[in-house]
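Okay, here's what each chain looks like letter by letter:
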Amino acid sequence: MRFKRIQAKLFAAMMVTSLIPAGIVAAILFVVVSQTIHNEVSVTTNRTAVDIQEKISEYFQNLGNGVYNIYYNTKALNALQTGKQTPPDHSYDYDTSRDIDQFFVSLYNYSKIKDILGIYLFDQKGDLFHYFSPSSRYISKTQYIDNYPQDSAIEGPEPRVQVLQSRMYAEDIMHYAQPILFHGETRVGLVGIDLKLQPFRNLVEKYNLFPGSKIILTDGSDRIIYHTDLNQVGTLYSDEAKKDQRIITKPIDAFGWKLIYIYQINPRTLMIRSAALAVMIVSFILVLLLSYTLSRSITRPIQTLARVMKQLEVGNFNIRADIRGQDEIQLLGNHFNRMAQKIQRLIEEEYQSQIVRKEAELRALQVQINPHFLYNTLQTMGSIASLRSAPEIKVMCKALGNMFRYSIRMKNEWVPVKEEPLHVRNYLIIIGKRYEGMLRIRLQVKEDAYTYLIPKLIFQPVVENCIEHGLIPSDRTRKAAEAVGEARSREGELTVEILDNGAGIPADRLDALCSALQASGSYPALKKDDSIGSLNVQARIQMLCGTSYGLTITSRAGTGTRILIRLPLRKELEEACIK
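Along each chain, residue indices are assigned from 1 in the same order as the chain's sequence is written. Given that the model is predicted, a residue must reach a pLDDT of at least 70 before its local features are reported, and side-chain atom pairs must reach 80 or more before they are shown or counted; all residues, however, enter totals for whole chains, interfaces and linings. Hydrogens and waters are ignored; side-chain quantities use all the structure's heavy atoms.

On to helix H10 (residues 459-471). Here a strand is any run of E in DSSP of at least two residues, a helix any run of H or I of at least four, and the numbering for each starts at the N terminus. To estimate the expected span of a helix, count its residues, drop one, and scale the result by 1.5 Å. With 13 residues, H10 ought to run about 18 Å at 1.5 Å a step, and its terminal C-alpha atoms sit 17 Å apart, in line with that. Burial of H10 is extensive: 12 of the 13 residues sit out of reach of the surface. When H10 is considered as a whole, its buried residues turn out to be Phe459, Gln460, Pro461, Val462, Val463, Glu464, Asn465, Cys466, Ile467, Glu468, Gly470 and Leu471. To sort residues, take the accessible area from a 1.4 Å probe on protein chains only and compare it with the maximum for the residue type: under 20% means buried, over 50% means exposed, and anything in between is partly exposed.

Okay, here's the thing in structure tokens:
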């Protein structure tokens, strides 16, 4: 189990216990602020929009009501329909002119809309029929026609409103044009009224309470009749709301117009909502950092202790836990350090005693191997020296010297595989002179095994046993032996198989020998004629590599013997271990 899981659990627990209350508070604050913004803006803007709608409707309704009085003057309607004006000496036309003047005066004096600059009456053909200007400045018929030729293009029963920069009045005006219908169907003329723009603008803009808000009035074709920005008057309206802006649209049914109110939410209110959101984010980050720091400060000593325990488990007894603090984990670390120190001391004492004992056993085994072979070699050299004076003695002496030098080099108990066949070849040079022409020995080690390490003096004693106890006593004419070594990476073993066609081993002796080889521990006692070399090799392999490795012997009397040596794959000297 990894202690990171403990850290994750602690971190999650701290996050949950801290974020839930903070998150609930921040969320409530954010929702309350957002709802307050929504309610305030909705109530204020709706009330403002309704008030503007009512004021605009009332304003133009009053204008329409004043114009409606023309329908009570049938003489004026007939005159407009015929489009004829006669000199004032005819009573009918004079009465008509007088009635029209009366209509103008009544509209000017009794209308609820003040600041009228001029009233103009057009006939059915669109020609200026009569006009009235209350200002002291006289407005001629020609001037009016030059300034307002577009009134004759009005179609339909709805009135039209235009905001203009008038040269006649030298100020901005609002021009209201109302078609006159006879019996509600036939158009017989049109009334135009020029009004000062500023009073209407004051009436509307006093409801424009929000910064950056706009009041827009459009007709049925989305043409802008009025706009807070007068430069937009006369253009077609398109949705122009930007970020943090809202649009309220109210219809003015009496004229087929639309009132559009574009407003921006109060920046202070938005700032409060943004502050609430910022508090939520900052709180989350602080809780995140604090939870991570606290969980790490708690679990890091545990992780350190687990790491040093793992090092102690694999044999690193010098490791110590460096845990600081005044809590229980620091106390646990101190106890661990004392335990590791005690284990290290005990192991070092036991290890030193084991090394001394193993070295004594190894040297004793090597002493048992070398004198026996030295005796046979010297006997052979004496025989050759007595029979002939030949250079073979030199070769044998060199081979013997190499063998002695290899045997007494005790610096490393583990040697590369390629060195053991060289030692065996020196032995074969000597034994070949002793039994010249009688033996055929073939030694083969595959190159992929050369880089591995094996215990020293393993191959030669086994080959010697094959020759001395197998081939030499055999009655065969052709006496042969073969040794093949290879590395088996899949099984993790280095194997050497030695085969001979010698005399073989009787069944009873083979059983005794196998039982001795399987016995663990130090070198076992054998009978005088037993194979000393094989048991020595088995004991050394098991001391250096473990009891799962060593020699396996199969044999049949009169047929031959097979010896299998199994060793671990070792590539570094430090990896060799005594089990």
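Two strands pair under a simple rule: DSSP has to find at least two bridges between them. The strand order across the open sheet formed by 5 strands is E11-E13-E14-E16-E15, and the pairing between neighbours is mixed. Strands with a single pairing partner mark the edges of an open sheet, and in this sheet they are strand E11 (439-445) and strand E15 (550-556). Averaged over all adjacent pairs, the angle separating strand axes in this sheet is 10 degrees, with direction ignored. As judged from the 7 bridges shared by E11 and strand E13 (residues 479-488), these two strands associate in the parallel manner. Across the sheet, the residue bridging to Leu439 is Lys479, located in E13. Note on geometry: axes are C-alpha line fits, over the in-contact stretch for helices, and angles between N-to-C directions span 0 to 180 degrees.

Moving on to the pattern of salt bridges. Here, a salt bridge means any Lys or Arg side-chain nitrogen found within 4 Å of an Asp or Glu carboxyl oxygen. Under the defined criterion, the tally for this structure stands at 7 salt bridges. Across the pair Lys446 and Glu486 runs a salt bridge, and its minimum N-O distance is 3.0 Å. One end of the pair, Lys446, is in the loop between E11 and strand E12 (453-455); the other, Glu486, is in strand E13, with 40 residues separating them in the sequence. Residue Glu486 is classed as partly exposed on the basis of its relative accessible area of 23%. The salt bridge involving Glu486 is made with Arg488; its shortest N-O contact spans 3.6 Å. Because the salt bridges share partners, they merge into one network encompassing Lys446, Glu486 and Arg488.

Okay, the sheet that holds strand E4 (residues 171-182) next. Strand order in the open sheet made by the 5 strands is E2-E1-E5-E4-E3, with antiparallel pairing throughout. Every other strand in the sheet has two partners, leaving strand E2 (128-132) and strand E3 (160-166) as the edge strands with one partner each. With direction set aside, neighbouring strand axes in the sheet form an average angle of 20 degrees.

With that settled, consider the confidence of the model for the protein. For every residue, the predictor states its confidence as a pLDDT score lying anywhere from 0 to 100. Overall, the prediction assigns the protein a mean pLDDT of 76, with 75% of residues at 70 or greater. Here a residue-residue contact requires only that any non-hydrogen atoms of the pair lie within 4.5 Å. Across residues 86-92, where pLDDT falls below 50, the model places 5 contacts with residues more than four positions away in sequence or in other chains. Between residues 521-531, whose pLDDT stays under 50, and residues either more than four places distant or in other chains, the model counts 14 contacts.

This part covers helix H2 (residues 74-82). Those residues of H2 lying buried are Ala76, Leu77, Ala79 and Leu80. The buried side chains of H2 occupy one side of the element, clustering within an arc of 165 degrees when seen end-on. What the arc covers is the set of directions going from the helix axis to the C-beta atoms.

The next thing to look at is the pairing of strand E1 (residues 116-122). Counting buried positions over the 7 residues of E1 gives 7, a clear majority of the element. Note: E1 against strand E5 (residues 186-196), 6 bridges, orientation antiparallel. By the bridge assignment for E5, Leu121 is matched with Val191. What sits between E1 and E2 in their antiparallel hairpin is a turn of 5 residues, with Gly126 showing a positive phi close to 95 degrees.

Pairing of aromatic rings covers Phe, Tyr and Trp, the last through its six-membered ring, and needs centres within 6.5 Å; plane angles under 30 degrees mean stacked, over 60 mean edge-to-face, and all others mean tilted. This model, assessed by the stated rule, comprises 9 aromatic pairs. Where Tyr59 meets Phe200, the ring centres are 5.0 Å apart and the plane angle is 55 degrees; that geometry is what we call tilted. With Tyr59 in helix H1 (residues 4-68) and Phe200 in helix H5 (residues 197-205), this pair connects stretches of sequence that are 141 residues apart. Taken together, the ring pairs in this structure connect Tyr59, Phe60, Tyr176, Phe200, Tyr226 and Trp257 into an aromatic cluster.

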